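Next come the chains, spelled out residue by residue.
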Amino acid sequence: MSSTAATKTLTLNNGASMPAFGLGTWKSKPGEVGRAVVEAVKAGYRHIDCAWIYGNEAEIGEALAGLFAEGVVTRDELWITSKLWNNRHAPADVEPGIRETLDALKLERLDLYLMHWPVALRREVVLPAAVTDLIPLDQAPLADTWAAMEGLVDAVLTRSIGVSNFSVPKLRALLEHARIPPANNQIELHPYLRQAAMLEFCRSSNIAVTAYSPLGSRDRVAALKTEGEPVLLEDPAVAAIAQAHDVTPAQVLIAWALQRGTMVIPKSVDPGRIRQNLAATSLQLRDEDMRSLDALDRHRRYVDGRFWSSHGGPYSPSALWDE
Ligand code: A2P
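A quick note: this is a predicted structure, and the numbers were derived from the prediction, not measured. (Residues numbered from 1 in each chain as written. Predicted model: local features only at pLDDT ≥ 70, side-chain atom pairs only at ≥ 80, totals over all residues. Heavy atoms only, no water.)

Student: What is the right way to look at the overall build of the protein chain in this model?
Tutor: Broken down by element type, the protein chain carries twelve helices and twelve strands. The C-alpha atoms of the protein chain give 19 Å as radius of gyration, which agrees with the globular expectation for 323 residues (20 Å, within 12%). Dimensions of the protein chain along its principal axes, counting C-alpha atoms only, are 55 × 45 × 40 Å. Expressed as a percentage of the 323 residues in the protein chain, the buried residues total 53%. (Helix = DSSP H or I, 4+ residues; strand = E, 2+ residues; numbered from the N terminus. Rg over C-alpha atoms; globule rule 2.2 N^0.38 Å. Buried < 20%, exposed > 50% of the residue type's maximum accessible area, 1.4 Å probe, protein only.)

See the structure below:
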């Protein structure tokens, strides 16, 4: 572990050192995301979390190229993650999937490439509009997609591979067949969704965990929200801890994630908040703070996967999260 909190790294099961704190780019709009990446890296961020589906990788690629050309950082000083979209699960589509991302990001290889969801879509479908757009997992086995992901490591297109939104049973099944075990599971994690059993399983299986939507993802589109849902950033217990440390609620949430030993990737496109979030890496919460944050758990998913289940079909919430 390195000395400054901002650059604290966790060692993955393949020996790679991954910065525990990074910039999320889901919902960062074209026209904003490039500036956010430049701002973040200049401030000291060394880990950028991307995905094909975010629709902004080309602009991130321009930003990265500018940072390298200016000499702000070298490629080796940055950790870049991206994710395979669900319509590229057919083994023959996996390498073209990463190559499309690499071209957009203007990189020769990624540090980490994740299977974005344990959900398969027909190739021509980006988001399902009908049940026929979804392919059941028995017709598109995750193990087959994983074998193609392993081929990306062999081809040196990414250093590490992992998954996202996988349940414990799905991780267990994957580990049974994997030649290269997943290095990371990226999941929604915050005090309203503590996922203690998942963390314990991943710890015992040597799979690092990355916390997405650590601030409660309040900028996601209305269709993904539930009326009257609790607002994590406005929780009184979080506010009280923030006040005690003279920091913001967002900083408390970031420090909580890091102190639990997870990676955390808060999204921001605002220069002040980008710096504020980075500063949270040196915040030390007390045991009692951690306990009261842990007590907020209400199994609340802000990203509940409704886009996979709303048309019916094989990906019901329980099939997704429990099986
Ligand atoms: P913005 O991009 O304008 O800063 P999550 O990472 O859970 O998806 O949350 C992202 C949301 O939280 C965005 O709306 C983002 O807005 C906002 N956000 C990011 N950092 C902070 C912060 N330090 N304080 C308050 N809101 C923040």
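Student: Please explain the pairing of strand β11 (residues 208–212) as it appears in this structure.
Tutor: On any regular strand, side chains alternate: one points to one face of the sheet, the next to the other face. Burial analysis of β11 places five of its five residues in the buried class, the great majority of the element. Side chains of β11 alternate between two faces, with A208, T210 and Y212 and V209 and A211 buried alike. Sheet analysis places strand β10 (residues 184–188) next to β11, joined by five bridges and oriented parallel. Among the inter-strand pairings, Q186 is bridged to a residue of β11, identified as T210. In this view, the connection linking β10 to its parallel neighbour β11 by way of helix α6 (residues 196–205) has right-handed handedness. (Pairing = 2+ DSSP bridges. Right-handed = clockwise from strand over helix to strand, strands pointing away.)

Student: Got a minute to help me understand the sheet that holds strand β9 (residues 158–164) in this structure?
Tutor: Strands in a sheet are paired, the pairing made by backbone hydrogen bonds, and the direction either parallel or antiparallel. Ordered in space as β3-β4-β5-β6-β9-β10-β11-β12, the eight strands form an open sheet in which the pairing is parallel. Each edge of the open sheet carries a strand with a single partner, namely β3 (23–24) and β12 (263–264). Both β3 and strand β4 (residues 47–49) contribute to a ladder of two bridges, which runs parallel. Looking at the pairing, L23 lines up with I48 of β4. Along the sheet, helix α3 (residues 91–105) contacts β5 (79–84), β6 (110–115) and β9; its crossing angle with β6, the most-contacted strand, is approximately 135 degrees. (Contact = heavy atoms within 4.5 Å. Axes fitted to C-alpha atoms, helices over the stretch in contact; angles between N-to-C directions.)

Student: Got a minute to help me understand the pattern of salt bridges in this structure?
Tutor: Any two side chains of opposite charge can pair if their charged atoms end up close together. Under the definition given, this model contains 25 salt bridges. Here R194 ties to D297 by a salt bridge, and the two come within 3.8 Å at their closest N and O atoms. One end of the pair, R194, is in the loop between β10 and α6; the other, D297, is in the loop between α10 (287–294) and α11 (306–309), with 103 residues separating them in the sequence. A salt bridge links R286 to E288; the shortest N-O distance between them is 4.0 Å. The exposure class of R286 is partly exposed, given its relative accessible area of 36%. What you see here is one network of salt bridges that share partners, running through R75, D76, R109, D111 and R159. (Salt bridge = Lys/Arg side-chain N within 4 Å of Asp/Glu carboxyl O.)

Student: I keep staring at the nonpolar core and nothing clicks. Help me out?
Tutor: Nonpolar side chains tend to gather and get buried jointly when the protein is soluble and globular. If you look at the biggest cluster of nonpolar residues, it comprises 83 residues, and the most contacted ones within it are V37, I80 and L285. If we ignore the near neighbours within four places in the chain, the residues touching L285 are I241, H245, V252, A255, W256, Q259, M290 and L293. One finds A120, Y212, V303 and W321 within the second-largest nonpolar core, a separate group that totals 15 residues. (Core = buried A, V, L, I, M, F, W, Y, C linked by side-chain atoms within 4.5 Å.)

Student: Got a minute to help me understand helix α4 (residues 142–154) in this structure?
Tutor: Residues that lie three or four places apart on an α-helix share one face, since the helix turns once every 3.6 residues. For α4, which comprises 13 residues, the first-to-last C-alpha distance of 19 Å matches the rise-based estimate of 18 Å (1.5 Å per residue) to within 8%. Residues of α4 that are buried make contact with β5, α3, β6, β9 and α5 (168–177). Positioned one or two residues after α4, V156 has a phi angle of 55 degrees, which is positive. (Expected span 1.5 Å × (residues − 1).)

Student: What exactly am I supposed to notice about the packing of helix α2 (residues 57–70) against α3 here?
Tutor: Helix packing geometry: the angle between the two helix axes and the distance between the axes. The contact between α2 and α3 brings their axes to 6 Å, and the two run at 45 degrees. The orientation of α2 with respect to α3, classified from their angle, is oblique. Contacts between α2 and α3 involve E57, A58, I60, G61 and L64 from the former and T101, A104 and L105 from the latter. Classifying every residue of the contact of α2 with α3 by side-chain character gives five nonpolar, two polar and one charged. (Parallel < 35°, antiparallel > 145°, perpendicular 65-115°, else oblique. Nonpolar A, V, L, I, M, F, W, Y, C, P; charged D, E, K, R; others polar.)

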